[in-house]
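Okay, here's what each chain looks like letter by letter:
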Amino acid sequence: MANSEDEKEEDDTEWKYSFVDSIPLIPAAASDPSLNRTSGPTPAHRVILHFDLDCFYAQVEMIRNPALREVPLGIQQKYIIVTCNYVARDLGVSKLMSVTDAKEKCPQLVLVKGEDLTHYREMSYKLTELLMSYCPLVERLGFDENFVDITKIVERRLAETPESNNFSFKGHVYNHTSAELEAQDHPRLALGSHIAAEIREDIKGKLGLTGCAGIATNKLLAKLVCGTFKPNQQTTLLTENIDDIIGSLSSLRKVPGVGYQTSKRLQALGLASVKDLQLFPLNDLAREFGAPSAQRLKNLALGVDESPVTPTGAPQSLSDEDSFKKISSTKEVLEKTRELLSNLVERMRNDGRQPQTFRLTIRKYSATNKWFNRESRQCPIPNHVGQKIPSESSEDALVLLLPLAMKLFHKMVDSSAAFHLTLLNVCFSNLQTKGAAVSGKGSITSFFTQSTSPGKTQQICSSQIQALPTGFQHTFILYVVCRIPPLRTGVVTAWIIRLAHTA
DNA sequence: TGGGTTTCT
DNA sequence: AGAAACC
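Predicted model, so just to flag it, every value in this text is computed and none were measured.

So, the packing of aromatic side chains
To describe a pair of aromatic rings, one takes the distance between the centres and the angle between the planes.
1) Next: This structure, assessed with the given rule, holds 4 aromatic pairs.
2) Next: Ring plane angle 10° and centroid distance 4.0 Å describe the contact between tyrosine 57 and tyrosine 120, whose orientation is recorded as stacked. Of this pair, tyrosine 57 sits in helix α2 (residues 56–64) while tyrosine 120 sits in helix α5 (residues 118–132), and the two are 63 residues apart along the sequence.
3) Next: When its relative accessible area of 16% is taken as the criterion, tyrosine 57 is described as buried.
4) Next: Centroid distance phenylalanine 358 to phenylalanine 428: 5.8 Å. Interplanar angle 55°. Geometry classified as tilted. With phenylalanine 358 in strand β13 (residues 354–364) and phenylalanine 428 in strand β15 (residues 421–432), this residue pair connects regions lying 70 residues apart in the sequence. Residues phenylalanine 358 and phenylalanine 428 agree in their burial class; the two are buried.
5) Next: Among the aromatic residues, those joined into a cluster by ring pairs are Phe56, Tyr57 and Tyr120.

Structure representation (structure tokens):
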């Protein structure tokens, strides 16, 4: 409990209440056991959902401008189409196609620039928050995918309405044409398919977004099965069909968790298919990748994935970057960095937390191995600088951060010699939840309007009043639990309040 | 080939 | 600080 001395009783009759002290904000997860970061030991029969929105960026743009729904639409970042709507796909456009190729295939293609992720990010968090209203175990994967562990919901519904295993599956069941009979044998997954359908309808109704869902017993399988029927459909994977879906993968690269590098290393060991990996001796694999990675890889090949759905919560870092053909002068670096930092500080201000670490990343041009030579330097943010960021004038923070950025830049680039950059990135991390800013004249409402993100509504989830032990007459603690988007799932704040008689 | 983000080493 | 993974 915070200090509540400071007992000056002089003007008791002049006010109705006053704030004696405030207790710093505590993330609700720390005080609410049901919001723990992981689901604990994984139950034997989990029900995991994986949601994957259809061409997410394109959907967001079509909501912003419904006229785009009927035309072939591509979302452009620099020289590539990062995603496109289904009208465009039917005309031969595909993801990550170059703008020239896409225009060649489809001259009528309408392009919308998608380099500014603001609207996508906002919609992305709305989705995650909607999912969290069903259950707190939601894990984000990029902007448009989410895992949800609905085991608890399923178990509860099963206990409440035991007759509910009468119904069949909603949507597709992998490798089954008629699912009627299987529902009895897989009550949890059957119920899961109904919950997935409900949630998808809710997403459509509340956010106007469509997407796919996969229902299975772990994250790996839920993600794999999610993509089997593609736009706006859902698929359940029964345990007896795990080998089928794993076996259907055309290469090891298709296994989530096996990226480009790992697939190359596996190939070097003579492994091409999932079956190859399944049969490869674990010891030999461990010599190449180390025991933990080897076991993980082997499990993935078998469809085994015990990893829990880990609630993502608020982001751990905020970054802003831009790529370009060429930046070769310090002045240009300064200007571009100022631009990036300005946006980032604004986003950080909106978040409300205080970053403790700043990082600058660059990409130097090189003819060979052009993609993926990034270098970075980071440094602590001096406390007085960090404090400026969430405050009203973020301009102050900028002028202090910019020299910091340039100092980091000079650690990587000798600006007396010629240089050629193709990317700049600024990043805030080590984000610290600040204390409740209860200004002296503050009322409860001024806290909620002042101390949180402007333009973002804050929900008070609950509040509770607690009397102090004897000796602190007329003094109480008021606890308020609230939500600060995005994904600050709940914050406990507390005031010590002293009441006085209104004579 | 973009603009993010997280986790592991 | 970088590598690698995911989108």
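On we go from here.
Section: the sheet that holds strand β8 (residues 145–149)
For sheets, the rule is that strands pair by backbone hydrogen bonds, running either parallel or antiparallel.
1) Next: A sheet is described by the order of its strands in space; here 6 strands give the open sequence β7-β8-β2-β10-β11-β9, paired in mixed fashion. Both edges of this open sheet fall to β7 (138–141) and β9 (172–173), since each of them pairs with a single strand only.
2) Next: Pairing of β7 with β8 involves 4 bridges; the strand directions are antiparallel. Bridge assignment links leucine 141 to a residue of β8, and that residue is glutamate 145.

What about the side chain of serine 124?
1) Next: In this structure, serine 124 sits in helix α5.
2) Next: Apart from the residues within four sequence positions on either side, serine 124 is in contact with Phe56, Arg140 and Phe143.

What to know about α2
1) Next: Along α2, 7 of the 9 residues are buried, which leaves the element largely enclosed by surrounding structure.
2) Next: Within α2, the full set of buried residues consists of Phe56, Tyr57, Ala58, Gln59, Val60, Glu61 and Met62.

Some words on the layout of surface pockets
1) Next: By volume, the second largest pocket is sized at about 820 Å³.
2) Next: Lining the second largest pocket are 30 residues, with Asp52, Lys95, Glu145, Lys223 and Lys230 positioned closest to its centre.
3) Next: Broken down by secondary-structure element, the contributors of at least two residues to the lining of the second largest pocket are β2 (48–53), α2, β4 (80–84), α3 (86–90) and α9 (219–226).
4) Next: No other element matches the 3 residues that α9 contributes to the lining of the second largest pocket.
5) Next: Considered class by class, the residues forming the lining of the second largest pocket number 16 nonpolar, 6 polar and 8 charged.

Re the protein's contact with DNA strand B
1) Next: As a matter of local geometry, DNA strand B sits amid 17 residues, with Lys78, Gln316, Ser319, Asp320 and Ser323 nearest to it.
2) Next: Among atoms of DNA strand B positioned within 4 Å of the protein, sugar and phosphate together represent 91%.
3) Next: One nitrogen or oxygen atom from the side chain of glutamine 77 is found 3.3 Å from a sugar or linking oxygen belonging to DNA strand B.
4) Next: Serine 319 places a polar main-chain atom, nitrogen or oxygen, 2.8 Å from a phosphate oxygen of DNA strand B.
5) Next: At 7 residues, the largest contribution of residues to the surface near DNA strand B is made by strand β12 (residues 317–327).
6) Next: Considering only residue class, the surface near DNA strand B consists of 5 nonpolar, 5 polar and 7 charged.

Considerations on the packing of α2 against α5
1) Next: The N-to-C vectors of α2 and α5 enclose an angle of 100°; their axes lie 10 Å apart at closest approach. For the element pair α2 / α5, the angle class is roughly perpendicular. For the pair formed by α2 and α5, the contact residues are Phe56, Tyr57, Val60, Glu61, Ile63 and Arg64 on the first element and His119, Tyr120, Met123 and Ser124 on the second.
2) Next: Here the contact of α2 with α5 is built from residues that sort into 6 nonpolar, 2 polar and 2 charged.

What counts as what
- Residues numbered from 1 in each chain as written.
- Chains lettered and ligands numbered in written order.
- Predicted model: local features only at pLDDT ≥ 70, side-chain atom pairs only at ≥ 80, totals over all residues.
- Heavy atoms only, no water.
- Phe/Tyr/Trp six-rings, centres within 6.5 Å; stacked < 30°, edge-to-face > 60°.
- Helix = DSSP H or I, 4+ residues; strand = E, 2+ residues; numbered from the N terminus.
- Buried < 20%, exposed > 50% of the residue type's maximum accessible area, 1.4 Å probe, protein only.
- Pairing = 2+ DSSP bridges.
- Contact = heavy atoms within 4.5 Å.
- 1 Å grid on protein atoms, 1.4 Å probe; cavity = no way out; pocket = protein on both sides within 12 Å on 5 of 7 lines; lining within 4 Å.
- Points joined across faces, edges and corners; volume = space filled by probe spheres on them.
- Nonpolar A, V, L, I, M, F, W, Y, C, P; charged D, E, K, R; others polar.
- Near = heavy atom within 4 Å.
- Polar contact = N/O pair within 3.5 Å; in protein donor to acceptor, adjacent residues only side chain to side chain.
- Axes fitted to C-alpha atoms, helices over the stretch in contact; angles between N-to-C directions.
- Parallel < 35°, antiparallel > 145°, perpendicular 65-115°, else oblique.

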